[in-house]
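Structure at a glance
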Amino acid sequence: MPKFLIWVAVLAALIALPHGLSFSQQEILVFLTINVLLVASYRLLTLTGEWSLAHVVIMGVGAYSSALLTKKLGVYVPVSMLLGGVVAALIAVLLSFPLFRMKGFYFLIGSFAAGEIIRLLWKRFRDPFGGAKGIKGIDPMPDFSIGFYQFDFFEPTSYYYFAGVIVAFCLWILWRIEKSPVGLTFHAVHWQDKLAQASGVNVRAYRTLAFAIASGFAGISGALLAHYVGTINPNAFDIDLMVFVLTWAIVGGTATFYGPILGCVVLTVLNEIVLRELGLEQMRPLVYGAIMILSILFLPNGLESIVQKLTKRRAAKSAPERSPAE
Amino acid sequence: MTDFLEVKDLTMRFGGLTAVDSLSFKVAHGSIHGLIGPNGAGKTTTFNMISGFYKPTEGQVLLRGEDISGLQMHEVARRGVVRTFQHSTLFAELTVLENALVGTHMPFRPNIFAAIIGWDREDRSGAEARAKEALEFFGLDHVMQERVGDLSHGHQRALGMAVAYASHPDVILLDEPFTGMNPEETRQMMDLMERLKADGITILIVEHDMQAIMGLCDTITCMSFGKFLAEGGPQEIRNHPAVIEAYLGGARHVA
């Protein structure tokens with residue numbers, strides 16, 4: 001039961017959180033929520049052992065598709081967000097044909113090239129992608145009411161609640177996948193693809209599956225971003241953001257589900273609260289670089305290893321009380 | 001006993017080197033068949049061709065009359081031919097039980113949608129029961145929750161076989177299962193193989209350890225320099241002049 005109480009407390013804290021923040025901090029909170037989904041979906045891909053540099057561009061695919069679907073075809077916004085994720089997943093399946101001929105480092109570079117190609121296509125074709133200036137005036141999420149709460153999407157708090165529910169649902173799906181036999185097969189493909197194959201696992205299909213699911217959720221996070229900001233352009237999804245995603249994942253650690261999320265939250269808070277207070281927010285790449293090097297040197301298993309140590313110590317503390325009786 | 005697995009004119013060339021040269025033999029259903037030969041005879045290459053790890057240059061591998069040569073490894077596995085690996089190739093980061101669960105991939109195919117909604121309870125418990133059964137069979141049930149990287153060498157070898165056994169195979173291909181085992185472990189492993197055979201599983205073994213293979217196999221195929229040399233029961237092979245020559249060198253020179 002106490003575990004249940006902890007979840008209720010966390011939920012209450014998340015609901016109360018925006019009310020203690022300034023307007024700009026509330027906006028940051030929305031971005032943080034979206035980035036949590038981005039980095040959590042990235043972890044699903046890393047389960048199969050592949051690290052992609054196209055993840056942020058795939059997020060952009062979701063953003064562009066959702067924006068274009070609402071603008072050109074007048075699709076209802078929440079539906080277009082879902083379709084944005086579907087399109088991102090389909091693009092990932094297409095990309096998997098050339099990309100999964102490669103592994104490891106070659107896959108990393110190949111995915112970077114594939115991402116840049118997509119970005120150049122956005123820049124090159126003004127119709128429908130709007131060229132380098134991107135797409136402006138994307139329809140916002142239409143306001144609605146659920147009885148006790150009126151969603152007004154010009155308020156970041158409202159969008160935070162809306163995005164929070166969607167992200168929580170997506171995280172739940174990602175969690176279920178990871179804890180299922182499918183997740184175990186992803187691990188198997190990562191650690192010994194030969195033995196997995198000898199056990200009848202279609203390794204190529206499972207790599208593609210992980211890539212498509214991760215890309216689909218990245219696409220949804222991109223769509224959430226597009227309909228919040230209202231304008232997107234190719235430079236919003238460049239390698240800088242990808243490096244931030246990598247930093248969050250590495251600093252947080254990728255051995256557990258919560259590791260990358262922890263990295264994302266801690267580094268965002270550090271950046272937006274601490275650095276902004278000090279007036280150093282322009283030095284974000286420098287500080288992130290330093291944090292990444294320091295964490296690789298002194299915390300090779302990421303922030304999650306601290307959490308694991310703490311929970312283990314608590315378990316160890318309660319255990320010895322029983323042992324003297326023997 | 002019917003012809004079950006047949007290797008027909010199997011040839012493998014690596015560039016100019018012919019590792020296996022039109023090799024043919026038949027494995028009868030429910031038997032333990034040994035494939036022996038001195039170092040570099042092409043045993044492991046043959047093994048890799050049967051399991052789908054290599055695509056043969058020429059020739060066929062027939063399973064119940066169906067040509068399975070050139071299929072990918074997982075496709076061969078799905079037809080009931082499951083292999084083990086020479087060195088302790090396992091999922092070292094996972095627990096023993098999780099390793100065995102990967103082995104149940106074929107009888108209990110994971111379905112992602114059912115897994116998200118939670119409609120695969122029966123499959124999950126079925127897979128777990130099968131994995132535990134396989135671990136019990138190989139005497140590994142007491143180390144179920146341990147990380148595989150921490151296991152002893154003997155346990156790792158047994159687990160490699162348990163992972164293969166968990167998938168309900170018709171044929172198990174064993175690649176040098178006795179390497180690095182002491183005589184006691186070898187004897188236990190031989191007992192387990194006899195029990196697998198009693199279960200109706202056909203076993204093909206590639207092995208160096210002559211002692212073990214002579215006591216175990218129904219039929220032995222001996223090859224040397226990629227070519228078929230001799231075939232027969234253990235007694236026949238033990239006394240076959242060509243085999244003795246291949247293993248001990250040219251007797252004529254000694255005399």
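Since we're looking at a predicted model, the values are computed, not measured.

**Some remarks on the overall build of chain B**
Looking only at helices and strands, chain B has eleven helices and ten strands in total. Scaling as 2.2 N^0.38, a compact globule of 255 residues should have a C-alpha radius of gyration of about 18 Å, and chain B matches this with 19 Å. Once the C-alpha set of chain B is aligned to its principal axes, its extents read approximately 70 × 40 × 35 Å. Taken across its 255 residues, chain B has 43% of its residues classed as buried. A fraction of 66% describes how many contacts in chain B between residues 6 or more apart in sequence connect residues 24 or more apart.

**Remarks on the overall build of chain A**
Along its length, chain A carries 14 helices and two strands. Computed over the C-alpha atoms, the radius of gyration of chain A is 21 Å, within 12% of the 20 Å expected from 2.2 N^0.38 for a compact globule of 326 residues. Viewed in the frame of its principal axes, chain A has a C-alpha envelope of about 75 × 55 × 40 Å. Counting over 326 residues, chain A shows a buried share of 43%. Long-range pairs, those at least 24 residues apart, make up 76% of the contacts in chain A between residues at least 6 apart in sequence.

**A word on helix H7 (residues 156-178) of chain A**
Spanning 23 residues, H7 of chain A covers 31 Å between terminal C-alpha atoms, matching the ideal 33 Å at 1.5 Å per step. Every buried residue of H7 of chain A is accounted for by Pro 156, Ser 158, Tyr 159, Tyr 160, Phe 162, Ala 163, Gly 164, Ile 166, Val 167, Cys 170, Leu 174 and Ile 177 of chain A. Close packing links the buried residues of H7 of chain A with helix H1 (2-16), helix H2 (23-47), strand S2 (150-151), helix H8 (181-191) and helix H10 (203-229) of chain A together with helix H4 (112-117) of chain B.

**Description of the interface of chain B and chain A**
Taken residue by residue, the interface counts 28 residues in chain B and 21 residues in chain A. Split into classes, the residues belonging to the side of chain B that touches chain A amount to 17 nonpolar, six polar and five charged.

**Describing the packing of H8 of chain A against H10 of chain A**
Residues and elements named next belong to chain A. Following both chains from N to C, one finds H8 and H10 inclined at 115 degrees, their axes separated by 10 Å at the closest point. Our pair here, H8 against H10, has a crossing hand that is left-handed. From H8, Thr 185, Phe 186 and Val 189 reach across to H10, where they touch Val 203, Tyr 206, Arg 207 and Ala 210. Each residue belonging to the contact of H8 with H10 can be placed in one class, and the counts come to five nonpolar, one polar and one charged.

**Points about the domain arrangement of chain A**
Residues and elements named next belong to chain A. The assigned domain composition of chain A is domain 1 (23-237) and domain 2 (238-317). Opposite the 17 residues of domain 1 that make contact, domain 2 presents 14 residues. Of all elements in the fold, only H2, helix H3 (55-73) and H7 reach the threshold of two or more residues within the side of domain 1 that touches domain 2. Ranked by the residues each element gives to the side of domain 1 that touches domain 2, the list is headed by H2, at ten residues. Of the residues assigned to the side of domain 1 that touches domain 2, the class counts are eleven nonpolar, four polar and two charged.

**A short note on the sheet that holds strand S7 (residues 171-175) of chain B**
All names here are of chain B. Read across the sheet, six strands follow the order S6-S7-S8-S3-S9-S10 without closing on themselves; strand pairing throughout is mixed. Every interior strand has two partners, whereas the edge strands, strand S6 (81-83) and strand S10 (227-232), have only one. Direction aside, the axes of adjacent strands within the sheet are offset by 20 degrees on average. As paired elements, S7 and strand S8 (residues 202-206) share five bridges and run parallel to each other. When the bridges of S8 are listed, Ile 172 appears paired with Ile 203. Its contacts with the sheet place helix H7 (residues 183-198) against strand S3 (32-36), S7 and S8, and it is angled at close to 145 degrees to S8.

**Quick look at the nonpolar core**
Among the nonpolar cores identified, the biggest contains 163 residues, and Val 39, Ala 210 and Val 245 of chain A together with Ala 162 of chain B are the most heavily contacted of them. Ranked by the residues each element gives to this core, the list is headed by H10 of chain A, at 15 residues. Beyond its immediate stretch of four places on either side in the chain, Val 39 of chain A contacts Val 245, Trp 248, Ala 249, Pro 260, Ile 261 and Cys 264 of chain A.

**Focus on the UniProt feature "transmembrane region" (unreviewed entry) in chain A**
All names here are of chain A. Within the UniProt annotation, "transmembrane region" (unreviewed entry) is assigned to residues 28-45, 52-69, 75-97, 104-122, 158-175, 209-229, 241-274 and 286-303. A distance of 26 Å separates the end C-alpha atoms of residues 28-45, which is 100% helix and 0% strand. The annotated region residues 209-229 carries 100% helix and 0% strand content, and the separation between its end C-alpha atoms amounts to 30 Å.

**Focus on the domain arrangement of chain B**
Interface extent is often summarised as the accessible area lost during association of the parts. All names here are of chain B. Split into domains, chain B comes out as domain 1 (1-80 + 169-255) and domain 2 (90-168). Centre-to-centre separation of domain 1 and domain 2, based on C-alpha positions: 27 Å. Each side of the interface is counted separately: domain 1 has nine residues, and domain 2 has nine residues. Contributing elements (two or more residues each) for the side of domain 1 that touches domain 2: helix H2 (73-78) and H7. Split into classes, the residues belonging to the side of domain 1 that touches domain 2 amount to six nonpolar, one polar and two charged.

**Overview of the environment of Thr 104 of chain B**
Residues and elements named next belong to chain B. Within the secondary structure, Thr 104 is located in the loop between helix H3 (96-103) and H4. A residue is classified by how many C-beta atoms lie within 10 Å of it, and Thr 104, with 27 of them, is buried. When the C-alpha positions of Thr 104 and Phe 228 are compared, they lie 36 Å apart, and in sequence the two are 124 residues distant. Not counting residues within four places of it along the chain, the set of residues in contact with Thr 104 comprises Ala 127, Arg 130, Ala 131, Ala 166 and Ser 167.

**Side note on the pairing of strand S2 (residues 17-28) of chain B**
Where strand S1 (residues 3-14) of chain B meets S2 of chain B, eight bridges bridge the pair, whose relative direction is antiparallel. Note that in S2 of chain B the partner of Val 7 of chain B across the bridge is Phe 25 of chain B.

**Looking at the sheet that holds S2 of chain B**
All names here are of chain B. The sheet built from four strands is open, its strands ordered S2-S1-S4-S5 with antiparallel pairing. Either end of the sheet is taken by a strand with one partner, and the two such strands are S2 and strand S5 (66-67). Lying over the sheet, helix H1 (residues 43-50) contacts S1, S2 and strand S4 (58-63), oriented at roughly 115 degrees with respect to S1.

**Some thoughts on the confidence of the model for chain B**
Predicted confidence across chain B gives a mean pLDDT of 87, with 96% of residues reaching 70 or more. Note on the complex model: pTM 0.89, ipTM 0.86.

**A word on the packing of H7 of chain A against H10 of chain A**
Residues and elements named next belong to chain A. Following both chains from N to C, one finds H7 and H10 inclined at 180 degrees, their axes separated by 12 Å at the closest point. Classified by the angle their axes make, H7 and H10 are roughly antiparallel. Residue-level contacts link Tyr 159, Ala 163, Ile 166, Cys 170, Leu 174 and Ile 177 of H7 to Ile 213, Phe 217, Ile 220, Leu 224 and Tyr 228 of H10. Among the residues forming the contact of H7 with H10, the class breakdown is eleven nonpolar, no polar and no charged.

Cut-offs applied
- Residues numbered from 1 in each chain as written.
- Chains lettered and ligands numbered in written order.
- Predicted model: local features only at pLDDT ≥ 70, side-chain atom pairs only at ≥ 80, totals over all residues.
- Helix = DSSP H or I, 4+ residues; strand = E, 2+ residues; numbered from the N terminus.
- Rg over C-alpha atoms; globule rule 2.2 N^0.38 Å.
- Buried ≥ 20, exposed ≤ 12 C-beta atoms within 10 Å, placed from the backbone.
- Contact = placed C-beta atoms within 7 Å.
- Expected span 1.5 Å × (residues − 1).
- Nonpolar A, V, L, I, M, F, W, Y, C, P; charged D, E, K, R; others polar.
- Axes fitted to C-alpha atoms, helices over the stretch in contact; angles between N-to-C directions.
- Left-handed = near helix turned anticlockwise from the far one by under 90°.
- Domains from an automatic or database assignment.
- Pairing = 2+ DSSP bridges.
- Core = buried A, V, L, I, M, F, W, Y, C linked by C-beta atoms within 7 Å.
- UniProt positions renumbered as here; feature names shortened; annotations may be inferred.
- pLDDT = per-residue confidence, 0-100.
- Parallel < 35°, antiparallel > 145°, perpendicular 65-115°, else oblique.

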